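Chain by chain, the residues:
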Amino acid sequence: MQELDFPISALLDDLAARLDPLFPRSETRDRAVRYIKGLLSQCERKNGWHLAEWAGDATPDGGKRAIKPIYPP
């Protein structure tokens, strides 16, 4: 995973703190924050597989589960 510029990292840390009550598990929150970082990154293609590779995950399954509570079925 590539690091982002400091001002953006500080904003994402603040975002993670705000998202904390929405995610009962810290692992899920961390995965959702990594997904958001991937969306804001210089990743060439922003689909599930590329974002998972960017975040260092083997498959996009975890990222999909992390954002599922955000989007209604």
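This text goes with the structure placed above it.
So, how was this worked out
Residues numbered from 1 in each chain as written. Predicted model: local features only at pLDDT ≥ 70, side-chain atom pairs only at ≥ 80, totals over all residues. Heavy atoms only, no water. Helix = DSSP H or I, 4+ residues; strand = E, 2+ residues; numbered from the N terminus. Contact = heavy atoms within 4.5 Å. Salt bridge = Lys/Arg side-chain N within 4 Å of Asp/Glu carboxyl O. Axes fitted to C-alpha atoms, helices over the stretch in contact; angles between N-to-C directions. Parallel < 35°, antiparallel > 145°, perpendicular 65-115°, else oblique. Core = buried A, V, L, I, M, F, W, Y, C linked by side-chain atoms within 4.5 Å. Buried < 20%, exposed > 50% of the residue type's maximum accessible area, 1.4 Å probe, protein only.

Peer 1: Which parts of the structure should I look at to understand the environment of R29?
Peer 2: In this fold, R29 is placed in helix α2 (residues 26–40). Along the chain, R29 and L19 lie 10 residues apart, while their C-alpha atoms are 7.1 Å from each other. Each residue touching R29, except ones within four places of it in the same chain, is listed here: A16, L19, D20 and F23.

Peer 1: Sorry, what's going on with the pattern of salt bridges here?
Peer 2: Oppositely charged side chains can pair when the atoms bearing their charge come close. Within this structure, the stated rule accounts for six salt bridges. Between D57 and R31 there is a salt bridge, with the nearest N and O atoms lying 3.2 Å from each other. In this pair, D57 is assigned in the loop between α3 (48–55) and α4 (61–67) and R31 in helix α2, connecting sequence segments 26 residues apart. What you see here is one network of salt bridges that share partners, running through D20, R29 and D30.

Peer 1: Whenever I open this one, the packing of α2 against α3 confuses me. Can you help?
Peer 2: Describing two packed helices takes the angle between their axes plus the distance from one axis to the other. Across the interface, α2 lies against α3 with an axial gap of 9 Å and an inter-helix angle of 110 degrees. On the basis of the axis angle, α2 is roughly perpendicular to α3. Of the residues in α3, those in contact with R34, Y35, K37, G38 and L39 of α2 are L51, W54 and A55.

Peer 1: How do you make sense of the nonpolar core when you look at a structure like this?
Peer 2: Among the nonpolar cores identified, the biggest contains six residues, and these are A16, L19, F23, A32, V33 and A66. Counting residues per element, the ones that place at least two in this core are α1 (6–19) and α2.

These results come straight from atomic positions and should not be treated as a statement about function.
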